[in-house]
Each structure stands twice: as structure tokens, then as C-alpha cells.
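Coordinates in review
Spelled out from the first residue to the last, the chains are:
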Amino acid sequence: MACALLFRLLLLMALAAPSQGNGPGPTSRLRYSRFLDPSNVIFLRWDFDLEAEIITFELQVRTAGWVGLGVTNRYTNVGSDLVVGGVLPDGNIYFSDQHLVDEDTLAEDGSQDAELQGLTEDAVYTTMRFSRPFRSCDPHDQDITSDTMRVLATYGLDDTLKLDRERTFVKSIFLLQIFHPDDLDVPEDTIIHDLEITDFLIPEDDTTYACTFLPLPIVSKKHHIYKFEPKLVHHNETMVHHILVYACGNASTLPTGISDCYGADPAFSLCSQVIMGWAVGGTSYQFPDDVGISLGTPLDPQWIRLEIHYSNFHNLPGVYDSSGIRMYYTATLRKYDMGVLQLGFFTFPIHFIPPGAESFMSYGLCKTEKFEEMNGAPVPDIQVFGYLLHTHLAGRALQAVQYKNGTQFRTICKDDSYDFNLQETRDLPHLVEIKPGDELLVECHYQTLDRDSLTFGGPSTVNEMCLVFLFYYPRNNISSCMGYPDIIYVAHEMGEEASDPMEGMMAMNNVEWTPENIKKAEKACKEAQQMVIIKTIDEIVENTTGWISEIIPTPRGPCLESSGGKVEPQDKIPAGFRAAPMALSGSETATPRHLPLAALFFGQGALSWLLATLQVGV
């Protein structure tokens, strides 16, 4: 009988105890890594659990002093959260969740939301490993999101917690990468092919768009391109702004040589379906294991347009370049052929952004109702798995939103902390399905406080763009779907006369750009009818019209209650708390302070009852 009672008790205690916390443990391999400073003194490893919403960091710094890691924002380090720790000369450790009161002063958070997993010091490095929730309930902690994160790292030469700006660094990182290259298949029969401009003399101009047309590899049977990466010439990296590869329709008549993409000869702007792309700050990109770019069938492009945007702001003479895209392809076929759909604001000539704007929103609408007619065949549901966002220097945030029957359905992708210097193809955590008839809206947020004249849409880095590239399968023939507002309506709303779009754009130069007029222009652009331009790979163009719908912001998810310290009453948000997962020590044994009181009382009472029962039984 005692054995049966013991079994029942153990079962009840297992049910009463909280479940073990998810996320990487104290000794788990962390998949991602990056140096955070130019001298490679600070090295960061990290990994995360999307379901548990826990991220783990390991900071390794070449110092015998304290180290710190946190998250900041674009404009100031004041208010940044910072987790600090170190090892004293006597071997004792210190560790604390803090924040910056000003540029030089740290203060400890009332709620300690970082969970220490390890802190060591040897003859070369101090290494600190800890985990934290994506969203804590502490207002001093910055959320970990799918936006670009500005990671703050700092350290001292000894154990005196004093900030030194010369040893404080901020680096933009996309922390929540879904796939690591090591997680993806690399076919044994991989073939490498380079698409490049050879020995091109970069003009002594601020902006150059160089285009040439190149054949794709000739293969005897179908292959798939599964990966691409930039091929940059050493010392020229800072001059290459972006590289795009456009598929050409097989009926196209293409020019030869290298010329300005958008200059006197319009033939060099032919081919508009992007299939691969890289921009400043990006690295290689490998498609998920079940998709690839089809190569070698009668339906596949045989030629591409290679576009390279150079920014030679210092007007350097005599610089030759052979940059391009390196592609990896295989005869080991994937399940799906992929495509790229370009969305956003039709760049030229209607786009404008007022000077001196703290905030200005631009919108580009896509209506998919004509996709099947233009595709020439039924369009299967579009399964979006990745995206690339693109603005120039004034861009601060972008998002693409999906509507069904006029009602907002979901946000497809976004970055509320966009960084021009970190433009990379990113994977979605889940497939997004787009059906024919859905509407897609791109919103771009700009700031022009440092400008005293209008910024127009255009190819130069000092012009602006508002683009989102969606990577999807299965492939169809639609290459782009972009919108722009009725500029004549906008001019009239601003009190200016205009009878055609060019007059409407010229009229914007007559407006006095006060804060009130900036908001008035933003409102007029949003309320104006949108002209939607849809284009296919064969350069067939159709126009339609539509209206901008309201974008309802996505609410912040529930925060995670601290397992230590205090949570101020005002920190509890309406979404409520999620219980903190039980942390494990290095020996994988739960410490009592992480168990709920009810579980402890139950365990103690039940154990006393069991001992008494056993004694009676004896």
C-alpha cells in the first residue's frame, strides 16, 4: 500500500510542479554569432526559442573587467537596457539587470528579468551568458522583436561599473533569424556560377546605375538555384549600394554592353521581375529546402539583367569594379519553383517627402484582382516565405499589410527600426498565404529633419524609395504591383493649381513646409485615389485604382513576469502576465526559489503525510 501511495504522490507532485523552461540551456550550442566592434574585442553568440519567447546571449569580451549587453534605439542610448556582470578578484561574481539613466549613469532595474546561466573569467576573456524574455513587464527593458535590433555592448578594464564611450558600441542585428545556414541542405552536386560586370570603370558621379544583360547557364535538364550571395571586390564594398538580378522574358530583344539602367536608352531598363537581390549590409541567402529558382525549362528565363547601383560620393577617379551575384544551383530538384513579387510606392516621378519632417508616411497599394487575367492562367495561392525591405537614407520603418474584403487581415512583414546599412533577405516565421482578390498595402515611414528641400522618389541614394520584395511559391508571371496617389488631388488639397501630374509635382515646391502643412500633405496623399500599376515578366502592364485603408497597429503581446525582484503595479499591461518558466542551474537541478509557493507547500505537506503513513504502516 505504501508503494502505491508513493507512486500517486510522485504523480501529483509532477502535475503540480511547473514545466521546465524552454530555450537553450546553460551549455547548449548557440547558433548565431557576430563581432560587435571594429577591433573584434567583443564577440556575441545568441539563440532563441520562438515558442517560449526566450532569447539566450553569450557575451565574450577581451577584458578582465566587467561586461555589459543590452538593447538601445536609433537616437540615444539614454533609457537603454543593459545587463552587466563580472568576476571579482576573489572569484565571486556580480550580475544585474540595469538601464542607462543618462549617457554615463547606470541604475538597477526594480525588476530583475535576466537569468544568469554562466559567468567566467580567464587570462584573456570575461564571458557572460544569460537568458531573458522577448517581452518583460519592466518598462526599462526593450522588447526583442522581428525588427532590426540595435544591440548595445560595453565593458570596463576593471570591476568598476563606469561607462566609457570609447568602449561602448552599437550594432544593428536581426536577432530572430529563422534559419541558420547550417540547418539547411547543401546538395552534393552544387554548381557555382557568377553573374558579374567585368572591369567596369565607376564614373566620378554620386550615383550610377550600371546595367548589362547576361545569359544564365545552359543546362540539359531542369535545375534549381538554391542560394545566392554578393560578389564584391575588396575596397569597393562601400561604393556598391545594391545588386539586383532581373529575369527577362524570352521574347525580349536585349541590347549589348554596359549602360545606364535608366538613362537615354530605355532598352537597358527592360526586364522587371526581380529573382535575386542584395543591398548594403546583407550577406548570402539560402532558400528553404523545398523551394528554388527554376532553371533550364522552356518556361524559365534564359537571360537576366544585372543592375548594380554605385554610390561614389567622394567622386573617386580610376576605380574599376567586377562586382555581381554568385549563384549556387543543383540538379537535385526542390518541390516548388519560387518567384519574387515587388510591392510598394511607384518610385518615379510622383513620390515626394517634405523637408523638416519628424514623421511622414507614404503608401503604395497593390490590388491582386487582375493577377489571373494578366498571368494567362489561374494563379495558385501565393505562399510567402521571405522578404526584403528597401528605402534609402530617410527611411525609418516599413510594413506590408494584407486585406481581405476591405478588412485588415494581418501584417505580412515589418521593420519598425529599419537601418539603411542592414538590408538583407529575411525569412518569415510562418508561411503567409495571399489569395487572388486580396489587397496588399506598403507603408513607409520617413524622417527628414536634416533636409531643407523636398526629397523626391528616384534612383539616387539621396532620393527615396519605398519597396518590399516578397519571396514566394509557386511562381507566376506577375513581377510587380505598385501604387501612387493622385498628385493632382494632393496639389489641390495643398491650395495649389495643377492640371496634370507634372504640374502637381512642381506645385509641391511652392508649399511652405510647416509642421501643419507636412501633416496636411500626408493626409492628402493617404486620402487620394491610388493608381495601381501591375506588370508581368513579359512587360505587359495593366492599371487599376483603389483607396488606402486604415492600418490598425498590432498590439504588443503579453509580457513575461519576472522571476526575481519586483514588478511595479503600473507595469502590468491589459494583456496580462505569462508565468516565468522555471530556470535550471548548471547541474540541471531546479532551485526552490523558482517554484511557486503553492507547489512548495503542497510538496512539503504531502511529504509529511507520506512519512506519517509509512510510519503507521511499519
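As the structure is a computational prediction, the values presented were derived from the model and not from experiment.

Cut-offs and rules
Residues numbered from 1 in each chain as written. Predicted model: local features only at pLDDT ≥ 70, side-chain atom pairs only at ≥ 80, totals over all residues. Heavy atoms only, no water. Helix = DSSP H or I, 4+ residues; strand = E, 2+ residues; numbered from the N terminus. Contact = heavy atoms within 4.5 Å. Areas by Shrake-Rupley, 256 points an atom, 1.4 Å probe, with all protein chains shown as cover. Phe/Tyr/Trp six-rings, centres within 6.5 Å; stacked < 30°, edge-to-face > 60°. Buried < 20%, exposed > 50% of the residue type's maximum accessible area, 1.4 Å probe, protein only. Lys NZ or Arg CZ within 6 Å of the ring centre and 35° of its normal. Polar contact = N/O pair within 3.5 Å; in protein donor to acceptor, adjacent residues only side chain to side chain. Disulfide = S-S within 2.5 Å. Pairing = 2+ DSSP bridges. Axes fitted to C-alpha atoms, helices over the stretch in contact; angles between N-to-C directions. 1 Å grid on protein atoms, 1.4 Å probe; cavity = no way out; pocket = protein on both sides within 12 Å on 5 of 7 lines; lining within 4 Å. Points joined across faces, edges and corners; volume = space filled by probe spheres on them. Nonpolar A, V, L, I, M, F, W, Y, C, P; charged D, E, K, R; others polar. Salt bridge = Lys/Arg side-chain N within 4 Å of Asp/Glu carboxyl O.

Moving on to the overall build of the chain. Along the chain, the regular secondary structure elements total six helices and 41 strands. Of the contacts formed within the chain by residues at least 6 apart in sequence, a portion of 75% connects residues at least 24 apart. Looking at the chain as shown, the accessible area adds up to about 28,100 Å², and 55% of this sits on carbon and sulfur atoms.

Where two aromatic rings form a pair, the distance of their centres and the angle of their planes describe that pair. One pass over the full model with this rule turns up 21 aromatic pairs. For the pair Phe-213 and Phe-268, a centre-to-centre distance of 5.9 Å together with 50° between the ring planes defines the contact as tilted. Here Phe-213 is found in strand β15 (residues 207-215), whereas its partner Phe-268 is found in the loop between β18 (258-260) and β19 (273-279), with 55 residues between them in sequence. Look at Phe-213 and you get buried, because its relative accessible area is 7%. Considering the side-chain rings of Tyr-226 and Tyr-328, the 6.4 Å spacing of their centres and the 55° angle between planes classify their relative orientation as tilted. Highlighted residues: Tyr-226 in strand β16 (residues 223-231) and Tyr-328 in strand β24 (residues 324-330), separated in sequence by 102 residues. You'll find Tyr-226 and Tyr-328 in the same group, each marked buried. In this structure an aromatic cluster arises from ring pairing among Phe-228, Tyr-285, Phe-287, Tyr-336, Phe-385, Phe-471 and Tyr-473. Seen from the ring of Phe-48, Arg-31 lies directly overhead, with NZ or CZ sitting 5.8 Å from the centre.

Let us look at the side chain of His-180. Its place among the elements puts His-180 in the loop between β12 (168-173) and β13 (191-196). A residue is classified by how much of its surface remains accessible, and His-180, at 13% relative accessible area, is buried. Within the structure, His-180 has its side chain in polar contact with the backbone oxygen of Arg-31 (distance 3.0 Å). When sequence neighbours within four positions are dropped, the list of residues in contact with His-180 reads Arg-31 and Tyr-32.

If you walk through the whole model with that rule in mind, you get five disulfides. Between the sulfur atoms of Cys-137 and its disulfide partner Cys-559 the distance amounts to 1.9 Å. Residues Cys-137 and Cys-559 are joined by a disulfide whose S-S torsion is about 95°; by sign, that bridge is right-handed. Here Cys-137 is found in the loop between β10 (126-133) and β11 (149-155), whereas its partner Cys-559 is found in strand β39 (residues 559-560), with 422 residues between them in sequence. For the residue pair Cys-137 and Cys-559, the accessibility class agrees, reading buried in each case. In this model Cys-211 forms its disulfide with Cys-261; the gap between the sulfur atoms is 2.0 Å. Between Cys-211 and Cys-261 the disulfide shows an S-S torsion of about 100°. By sign, it is right-handed. Residue Cys-211 is found in strand β15, and its partner Cys-261 is found in the loop between β18 and β19; the two are separated by 50 residues along the sequence.

Note that Tyr-418 resides in the loop between β31 (407-415) and β32 (426-434). A sequence separation of 246 residues divides Tyr-418 from Ser-172, and the C-alpha atoms of the two residues are 9.3 Å apart. Beyond its immediate sequence surroundings of up to four residues, Tyr-418 is in contact with Arg-74, Arg-150, Leu-389, His-390, Thr-391, His-392, Gly-395, Arg-396, Ala-397, Leu-398 and Gln-423.

Reading across from one edge, β18-β15-β22-β17-β19 is the order of the five strands in this open sheet, with antiparallel pairing throughout. The open sheet has two edge strands with one neighbour each: β18 and β19. Each strand of the sheet is rotated relative to its neighbour by a mean of 20°, with strand direction disregarded. In this sheet, strand β22 (residues 303-311) lies alongside β15 in antiparallel orientation, the contact comprising nine bridges. Across the sheet, Ala-210 pairs through a bridge with Ile-308, a residue of β22.

Before going further, it helps to spend a moment on the layout of surface pockets. Considering only enclosed or pocket space, the largest pocket measures out at about 1,500 Å³ in volume. Lining the largest pocket are 50 residues, and of these Thr-145, Ser-146, Asp-147, Lys-414 and Asp-416 lie nearest its centre. When residues of the lining of the largest pocket are traced back to their parent elements, those giving at least two are β4 (67-72), β11, β28 (360-367), β30 (395-404), β31, β32 and β33 (439-446). Taken together, the residues of the lining of the largest pocket break down into 22 nonpolar, 13 polar and 15 charged.

The amide bond that connects Tyr-473 to the next residue, Pro-474, takes the cis arrangement and shows omega of -10°. For Pro-474, the location among the structural elements is in the loop between β35 (467-473) and β36 (478-485). Despite not being glycine, Asp-199 has its phi angle at roughly 50°, a positive value. Counting through the fold element by element, Asp-199 comes out in the loop between β13 and β14 (200-201). Judged by its relative accessible area of 54%, Asp-199 is exposed.

A few words on the pattern of salt bridges. Under the defined criterion, the tally for this structure stands at 26 salt bridges. Arg-135 serves as the salt-bridge partner of Glu-53, at 2.7 Å between the closest nitrogen and oxygen. In this pair, Glu-53 is assigned in the loop between β2 (42-49) and β3 (54-61) and Arg-135 in the loop between β10 and β11, connecting sequence segments 82 residues apart. For Glu-53, a relative accessible area of 19% translates into the label buried. Note that Lys-414 is salt-bridged to Asp-416, the shortest N-O span being 3.2 Å. Exposure remark for Lys-414: the relative accessible area of 22% places this residue in the partly exposed category. One connected set of salt bridges, linked through shared partners, spans Arg-45, Glu-58 and Arg-129.

Looking now at the environment of Ile-192. Tracing the backbone through its elements, the reader meets Ile-192 in strand β13. Spatially, the C-alpha atoms of Ile-192 and Phe-228 are 9.5 Å apart, while their sequence positions differ by 36 residues.

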